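Chain and residue survey
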Amino acid sequence: MSTFQTLPGFRDFYPEDFARRHHVFRLWRQSASAFGFSEYDAPVLESLELYKAKSGDEIEAQLFSFTDKGGRDVALRPEMTPTVCRMVGARANALKRPIRWFSIAEFYRYERMQKGRGRCFSQLNADIFGEPGPEAEIELIALLVQCLCAFGLREEDFFVRLSDRNLWYYYLEALGLDESRTRAVLAAIDKYEKSGDAAFDGYAEKFGPLEAGLKEKILGFLQIKSLPAIEHAVAALGVDRLAARLADWRKLIDGLGAMGLSRFVEVDLGVVRGLAYYTGFVFEAFDRKGELRALAGGGRYDDLVAKLGGPALPAVGFAIGDMTFSLLLEQRGLMPTLVFAPDVYCVIGGVPERQAAFGDIHALRAGGFRVDYPLKEVAFGKQFKTAAESGAKLALIYGSDELARGVVKVRDLEQRTEMDVPRADLIATVRDFFSAG
RNA sequence: GCGAUCAUAGCUCAGUUGGUUAGAGCACCAGAUUGUGGAUCUGGGGGUCGCGGGUUCGAGUCCCGUUGGUCGCCCCA
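Source: prediction; values computed, not measured.

What follows is about the state of the cysteines. The tally for this structure, following the rule as stated, stands at zero disulfides. Its sulfur unpaired, Cys-85 is 19 Å from the next cysteine sulfur, which belongs to Cys-147. By relative accessible area, Cys-85 is classed as buried at 2%.

As structure tokens, then:
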């Protein structure tokens, strides 16, 4: 038991853990790139004010924050959204539209550990700035789906729940609720799935019990699971804004359908997401079995860039966290066991053979091949065993006999065949072997 | 912040009503094995039994505290 260990909630990434994480990052990056998103990064440490400005003073309890030696209040980033808003806001007028950015970064939150949640984790963040219409949501939801499908997950493994805070605002307004009551109702809706009727306790404390007819309408709206049902519920109200909103819904649903993604997306007005800053469509991805916490979440936040000091700039974004996602991949057997196999393992006879081998080893490595060899003199038999265990495809045998004849014995470790290759041809031979595949 | 539960080797775990010097499998290292394969056999390293205190002639075992892990509540950007 060593004296020092990781801080609570933090993780070491031993090579096999690192390989798994890298695999996840690699496919996320590939997916985002395929969608035309540009990658960015930013400091891990930001001004504490940035997060307070977005989320309120209470957020500090959830942050790793401190005062630096210059007296500045700072915090480790708990999320990317404020940072990316700051960055885009600063250059908004110079950036080509649409602004499509993504990042893969590590975040820190001072919270209790739980399944799929730690104090440090990574997220893919993808955002589109400058596009007010649902075309941006189409792109982002499609990217979200692709980021999961890239690993072999299918519609029986996960789905995206789609909702709309604007629809709720307009609907509740049409029902006669003022803004503060609307907020309280949305908070109740957010909790309703978990807490049932108790979700409305908070509302009742502030405003008294919700009138029965009103509550019935709200619960009915909450349980809507399709666009036609929304259209039906809204038509009766005859509100222009609601009708216009439905046009956006139609565009979004049709666009996702045309991409062949309908099977992944479910309309579900029970999702509102707790975050106050969302302004329109919101969506969350879950595993179908419902065993894990949310895999990903996102939505539109048209006011945030301006709120953080930038110009008015509409925005939509989502994030996928690595912890819950990796759990799902492992549950479904989709997390590959990655081995660090060299391409070539060298079996070396003695001191003069080693001198010869070193030249080839370095040339092969410079040529991009992964080459390993025993650092110290080891019996031949043991070297072959090591070569086989290493997972290398080829063994290069440097013995006194081969050295005398100016050749290297190249052994195909899978086929168990071998041939003598003149040393001058070695690199070409190895290259041919691997390009033939 | 609250609650439940757990903690013995790198990993998975045994460890009797409290009783000699704390064990096994896997993994790692070495030998058998001086030119050909993931085997086998033999040996080796590796433990303050999470930490601290208490009870006892004696504690891995019982009690209290504490730290950490796991899971849940609150929260979840």
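Moving on: the domain arrangement of chain A. One frequently used descriptor of interface size is the decrease in accessible area upon assembly of the parts. On domain assignment, one finds that chain A holds domain 1 (15–331) and domain 2 (344–435). A C-alpha centroid distance of 53 Å is found between domain 1 and domain 2.

This brings us to the nonpolar core. It is characteristic of soluble globular proteins that their nonpolar side chains tend to be buried jointly. Counting residues in each nonpolar core, the largest one holds 77 residues, and the members touching the most others are Trp-28, Trp-168, Ile-218, Ile-230, Ile-320 and Phe-325. Tallying contributions element by element places helix α4 (residues 135–149) first for this core, with 10 residues. The residues touching Ile-320, leaving out its near neighbours within four places in the chain, are Trp-28, Ser-122, Gln-123, Leu-124, Leu-144, Cys-147, Leu-148, Leu-295, Ala-296 and Phe-325. In terms of nonpolar packing, the next biggest core, distinct from the first, is built from 28 residues, Ala-105, Phe-121, Val-282 and Val-305 among them.

Glancing now at the sheet that holds strand β16 (residues 417–422). Spatially, five strands are ordered β13-β12-β14-β15-β16 in an open sheet, and the strand pairing comes out mixed. Among the strands making up the open sheet, the edge pair consists of β13 (371–372) and β16. Inspection of the sheet shows strand β15 (residues 407–412) paired to β16 by six bridges, in the antiparallel sense. Looking at β16, one finds that Lys-409 is bridged to Asp-420. Packing of helix α16 (residues 426–436) onto the sheet brings it into contact with β12 (344–348), β14 (394–398), β15 and β16, and relative to β14 it is tilted by some 165°.

This part is about the sheet that holds strand β11 (residues 315–321). Pairing is mixed across the open sheet formed by eight strands, whose spatial order is β1-β5-β6-β11-β10-β9-β7-β8. Among the strands making up the open sheet, the edge pair consists of β1 (38–39) and β8 (265–267). Across four bridges, the pairing between strand β9 (residues 281–287) and strand β10 (residues 296–300) is antiparallel. The residue bridging Phe-283 from the neighbouring strand is Gly-298, located in β10. Contacting β7 (158–164) and β9, helix α5 (residues 165–174) crosses the sheet at an angle of about 35° to β7.

To continue, consider the environment of Phe-221. Its place among the elements puts Phe-221 in helix α8 (residues 212–222). Sequence separation between Phe-221 and Ala-233 is 12 residues; the distance between their C-alpha atoms is 7.5 Å. Apart from the residues within four sequence positions on either side, Phe-221 is in contact with Leu-167, Trp-168, Tyr-171, Ala-233, Val-234 and Leu-269.

Rules used in this analysis
- Residues numbered from 1 in each chain as written.
- Chains lettered and ligands numbered in written order.
- Predicted model: local features only at pLDDT ≥ 70, side-chain atom pairs only at ≥ 80, totals over all residues.
- Heavy atoms only, no water.
- Disulfide = S-S within 2.5 Å.
- Buried < 20%, exposed > 50% of the residue type's maximum accessible area, 1.4 Å probe, protein only.
- Domains from an automatic or database assignment.
- Core = buried A, V, L, I, M, F, W, Y, C linked by side-chain atoms within 4.5 Å.
- Helix = DSSP H or I, 4+ residues; strand = E, 2+ residues; numbered from the N terminus.
- Contact = heavy atoms within 4.5 Å.
- Pairing = 2+ DSSP bridges.
- Axes fitted to C-alpha atoms, helices over the stretch in contact; angles between N-to-C directions.

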